[in-house]
Amino acid sequence: MQLNGLHHVTAVTAEVESNLEFYTHVLGLRLVKKTVNQDDTSAYHLFYADKIGTPGTDITFFDWPYIGPNRRGTESIAGTAFRISGAEALDFWTKRLSSMGAQEVQPGSFNGRDLIAFQDPEDQQLYLVDDGGAPFEGEIWRRPDIPDPYALRGFYSVILSVPDKDTLSQTLKTALHFAKVKETTWINGKTPVTIYRTQDGGGPGSEVWLLEEQKASQAQLGAGGVHHVAFRVKDREVQEAWRSQLIQSGLHVTKIIDRFWFTSIYFRVSSGILFEIATEGPGFAIDEDPESLGEKLVLPPFLESKREEIEGKLKPIGE
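Procedures and definitions
- Residues numbered from 1 in each chain as written.
- Predicted model: local features only at pLDDT ≥ 70, side-chain atom pairs only at ≥ 80, totals over all residues.
- Heavy atoms only, no water.
- Helix = DSSP H or I, 4+ residues; strand = E, 2+ residues; numbered from the N terminus.
- Pairing = 2+ DSSP bridges.
- Contact = heavy atoms within 4.5 Å.
- Axes fitted to C-alpha atoms, helices over the stretch in contact; angles between N-to-C directions.
- Phe/Tyr/Trp six-rings, centres within 6.5 Å; stacked < 30°, edge-to-face > 60°.
- Buried < 20%, exposed > 50% of the residue type's maximum accessible area, 1.4 Å probe, protein only.
- Lys NZ or Arg CZ within 6 Å of the ring centre and 35° of its normal.

(A) Representation of unusual backbone geometry within the structure. Pro282 follows Gly281 through a cis peptide bond whose omega is 10 degrees. Structurally, the position occupied by Pro282 is in the loop between strand 16 (274-279) and helix 5 (307-312). Positive phi is not limited to glycine here, since Asp123 has a value of about 70 degrees. Note that Asp123 resides in the loop between strand 7 (113-119) and strand 8 (125-130). Of note, Phe260 is a non-glycine position whose phi angle comes to about 75 degrees, a positive value. Tracing the backbone shows Phe260 in the loop between strand 14 (257-258) and strand 15 (263-268).

(B) Molecular detail of the sheet that holds strand 3 (residues 40-49). Across the sheet, which stays open at both edges, the 8 strands sit in the order 2-3-4-1-13-16-15-14 with mixed pairing between neighbours. The open sheet has two edge strands, strand 2 (30-37) and strand 14, and neither has a second partner. The sheet contact formed by strand 14 and strand 15 spans 2 bridges and is antiparallel. Its bridge partner lying in strand 15, Asp258 is registered against Thr263. In the packing of helix 1 (residues 16-26) onto the sheet, contacts are made with strand 1 (6-13), strand 2, strand 3 and strand 4 (58-63), and the angle to strand 3 comes to roughly 15 degrees.

(C) The packing of aromatic side chains, seen in detail. Within the structure shown, the criterion is met by 19 aromatic pairs. Relative to Tyr48, the ring of Tyr23 lies with its centre 5.5 Å away and its plane at 15 degrees, an arrangement referred to as stacked. Here Tyr48 lies in strand 3 and Tyr23 lies in helix 1, a separation of 25 residues in the sequence. The class of Tyr23 is buried, set by a relative accessible area of 0%. Taking the relative accessible area as the measure of exposure, Tyr48 reaches 0% and is therefore buried. Each member of the aromatic cluster is reached from another via a ring pair, and the members are Phe110, Tyr127, Tyr156, Trp186 and Trp209. Sitting over the face of the ring of Trp141, Arg30 holds its NZ or CZ atom 4.3 Å from the ring centroid.

Below, the structure written as C-alpha cells:
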C-alpha cells in the first residue's frame, strides 16, 4: 500500500488580495476554488492549481488577516517546490520573478536538479525545480504572458525541517511506507538532507526532502507559513485502510472528514508538522462548470444553509 504522491499544500496568508495577485498573475496558477475554511467560516480558503485542479498541483491558503508573521525554524514544513521543465523555463522564471515582486530570487541546484529559490510577498519559501521533462498528468492553465512550455506543472516536493531526523525518518518509513532515496546536503552545502519518496521511482510530485537543522529554533506558524501538507490516495476505501494502519502504528488520526471535493484524515508526524491524506476525487468540478472554476464563492452543501451569514462576514476579493 503506497501513497500516490502529493495532493496539496495548505499555507496561511494575512494579505488575501496580494496573495491572489501573486499566485494567479505572477505564478500563473488558476484560482480553481473560492470557498471558506470549513472549521473557521469567517476565513476564505483559496485553492490555486492547474486548469482543472488536478491533485498534486494545488497550493491552498487560509485567509487569517489578524495572524502575525510566520517565524521560520525547525519542526515545520519549511518550503514548497513546484516543477517546471527545462533550462529555458528556469531562465524565464528567474527574470519574471525578479521583475514582478518575488523576494530573494536565487538560482541554485539540489540533487542534480537546477532550481530557483524565492519568496512570495509574505516571505513564504518557494522553489521552482527543473523536472527534466518528466510526464505531467495535469493540464496547464494557459496565460498569454507565460509560454505554455514554461508553465508550472504542479509540485516537485515539500521540504520538512526537524532538529533530529531519526524519529521522523522512522515514521516516514514504517508508518507511511516512504522509501529512502539518498542522503545528501542542502543547497547551502552544509545542512544534512534525506530524500524520501512515496512511489516507486520517486521524482516530481512524490518526494519529501527532510532537513536536519539541529541548531534552529522552533518555528511558529503565521502568515507566510505552511499549515499542513496532504498526500493523495485513490478513494475512501484506501483512505480507511491507511487510517487503520496509522492508528496501529501509534499515530493519533482524526476521523474521516468530508470536505465535499475530497475526504481527509489528519495526523501529526512531529510536534510541529501536520500531515493529511486526501482522496483524489470527486474533484473541484463536482459543483462548478470547469470553465468557470473559482469565479464565485462556493460552499459545500452542509454549509449552504448558512450562506447569508457566511457572506456577511467576508470581504469581497478579486472584484
